[in-house]
Each structure stands twice: as structure tokens, then as C-alpha cells.
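Listed below, chain by chain, are the residues.
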Amino acid sequence: MKVLLIIPAYNEGEGIVSLIAKIKQARPDIDYVVINDGSKDNTDELLKAHNINHVTLVKNLGIGGAVQTGYRYAKDNEYDIAIQFDGDGQHDINSVQTLIDAIVSKEGDLVIGSRFVSDSSSEFQSSFMRRVGITILSTLIKITTGKRILDVTSGNRACNRDIIEYFADEYPMEYPEPESIVHVIKRGYTVKEVGVTMFEREFGVSSIRALNSVKYMIKVGLSIIIASMAR
């Protein structure tokens, strides 16, 4: 099966070269594409200098637009499995096989790498306030879809070809992780959480910087409700 790592990157020049080297060493059998989301630092120059497979966006689209670009790349190149993998060193390349196995065994159409399920070996679980925010969003998704997802903001996710094609055409821009979960469930697809290892980010800035703010929680909560009513 053809497997692709989609690696969104915004101002990740500090560590993107070493990250790709780790990926190539650990999983030379898996393809990757870095989506350079209009970085203002030297990310683009480094990607070119080190012959790293990448797509550079002419302007910053945000995490939703960058990831959707990756899914379009996966669709156009006929990949069977696409895996989101952050460019900040937070995700563990050794956990990728767990995601792949769950897709291959058809446990889920969308498989989420989770810090909070019982089989996770992750010691890093974010700050207390961020975990409170994640719990609130998890509860809201349960209310609107009937499905309990614990790590709703996890960016470490794998999907099969059906979801690749769906995300290539339709992907949330502002709050992609929790919103896309709702869209997938509402369209009759299966979502599965599996335990993975995550680390505290090594470099860069989180794309979700306000998870503990009331304003953010209201906005993402409304987006989840709206997504649950979409047809």
C-alpha cells in the first residue's frame, strides 16, 4: 500500500531538516511531503537546499489550508493511506505503524493518534488548562455525534483513500481537527482512537494557541455544532 506523511510546516526552519532525516532513517518505506505554509523564516531555502520533497504555498493559509493541500497531493498521487505528522517534533515516527495497522485492519476510516486512551505510552499530555479545553470539546462532540473521542485536537491522524478524497475536497479551515471529526462521523465513516507517543514540541509555535481561552472555546464549540448540522 502507498503511504504518505503529510507534514505541515510554518516557520519550522529550526528543525525541519533534522526531522526529515529522522523520518527517512526510521521509515524509508514511507513517502512524505512537507507543506510549507508561506513560512517567513528560512524553511523554504532549507527544503530546497536539502532536496526535501515539498510544496510551498505562496501565502500562509493556516493549518487547515496546509493540511488540505497535503490531502490533494495524496489524492492526485493515488495514495492509499495519508498520515498527518506535525513538523515541530511532537509526533513519534515509531508510532506511525500503529496508525497504519488500524487503517489496514479497517478499524477506522479515520484513525486518531491519542495521548489519552489506555494503550497510549505518551508521558506528555499538555498543560492542565489545555486538557480541560480538550475535555470540553470532547464532551460537545459526544453530544452532537454520539461518539466519544478523547484527543480531539490531535494532529497525528491517518485515513484511508475514501477520507483522503473527501478531505481533498472538503476540509475545515479554522478548527480542522475537532470539526473534521464531526464531519467524518456525520457522513457515516468510522473514527478510531489508538494510543501513540507524543513529545513536547521541540521547536515552532502551536497552531492552537488559545485552547484555554473562553473566546476560542466558544468559537470552536459553535463550529462543532454547525458541523454536526451539515449534510
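None of the values given here were measured: they were computed from a predicted structure.

J.: Hey, could you run me through the pattern of salt bridges in this one?
T.: When the charged atoms of two side chains with opposite charge come close together, those side chains can pair. Here the structure, examined in full by the defined rule, presents five salt bridges. Between Asp-44 and Lys-48 there is a salt bridge whose closest N-O contact spans 3.0 Å. Placement of both Asp-44 and Lys-48 in helix 2 (residues 43–49) is noted, with a separation of four residues, approximately one turn of the helix. Since its relative accessible area comes to 16%, Asp-44 is described here as buried. The partner of Lys-75 in a salt bridge is Asp-169, with the nearest N and O atoms 3.5 Å apart.

J.: Just checking my understanding: could you explain the sheet that holds strand 5 (residues 110–114) for this structure?
T.: The sheet built from seven strands is open, its strands ordered 3-2-1-4-6-5-7 with mixed pairing. Two strands in the sheet have a free side with no partner beyond their single neighbour: strand 3 (54–56) and strand 7 (191–195). Within the sheet, the average angular offset between the axes of one strand and its neighbour, ignoring direction, is 20°. Inspection of the sheet shows strand 1 (residues 3–9) paired to strand 4 (residues 81–84) by four bridges, in the parallel sense.

J.: Teacher, can you tell me more about the packing of aromatic side chains here?
T.: Both the distance between ring centres and the angle between the ring planes are used here to describe each pair of aromatic rings. Here the structure, examined in full by the defined rule, presents five aromatic pairs. A centroid spacing of 5.8 Å and a plane angle of 50° characterise the contact between Tyr-71 and Tyr-171, whose relative ring orientation is tilted. One end of the pair, Tyr-71, is in helix 3 (residues 62–76); the other, Tyr-171, is in the loop between helix 6 (161–169) and helix 7 (176–186), with 100 residues separating them in the sequence. You can call Tyr-71 buried: its relative accessible area is 0%. Take Tyr-171: its relative accessible area is 7%, and that puts it in the buried class. Measuring from ring centre to ring centre gives 5.4 Å for Tyr-175 and Tyr-216, while their planes differ by 85°; the resulting arrangement is edge-to-face. Residue Tyr-175 is found in the loop between helix 6 and helix 7, and its partner Tyr-216 is found in helix 8 (residues 214–229); the two are separated by 41 residues along the sequence. Judged by its relative accessible area of 13%, Tyr-216 is buried. The rings of Tyr-71, Tyr-166, Phe-167 and Tyr-171 are connected pair by pair, giving a single aromatic cluster. In this structure, Lys-2 is placed above the aromatic ring of Tyr-79, and the distance from its NZ or CZ to the ring centre is 4.5 Å.

J.: I keep staring at a positive patch on the surface and nothing clicks. Help me out?
T.: Taken together, the side chains of Lys-142, Lys-147, Arg-148 and Lys-192 define a basic patch exposed on the protein surface. Mapped onto the fold, Arg-148 is located in the loop between helix 5 (128–145) and strand 6 (157–159).

About the thresholds
Residues numbered from 1 in each chain as written. Predicted model: local features only at pLDDT ≥ 70, side-chain atom pairs only at ≥ 80, totals over all residues. Heavy atoms only, no water. Salt bridge = Lys/Arg side-chain N within 4 Å of Asp/Glu carboxyl O. Helix = DSSP H or I, 4+ residues; strand = E, 2+ residues; numbered from the N terminus. Buried < 20%, exposed > 50% of the residue type's maximum accessible area, 1.4 Å probe, protein only. Pairing = 2+ DSSP bridges. Axes fitted to C-alpha atoms, helices over the stretch in contact; angles between N-to-C directions. Phe/Tyr/Trp six-rings, centres within 6.5 Å; stacked < 30°, edge-to-face > 60°. Lys NZ or Arg CZ within 6 Å of the ring centre and 35° of its normal. Patch = residues over 30% accessible without salt bridge, like charges linked within 9 Å, V, L, I, M, F, W, Y side chains within 5 Å. Areas by Shrake-Rupley, 256 points an atom, 1.4 Å probe, with all protein chains shown as cover. Lys, Arg positive; Asp, Glu negative; His and termini not counted. Charge placed at Lys NZ, Arg CZ, Asp CG, Glu CD.

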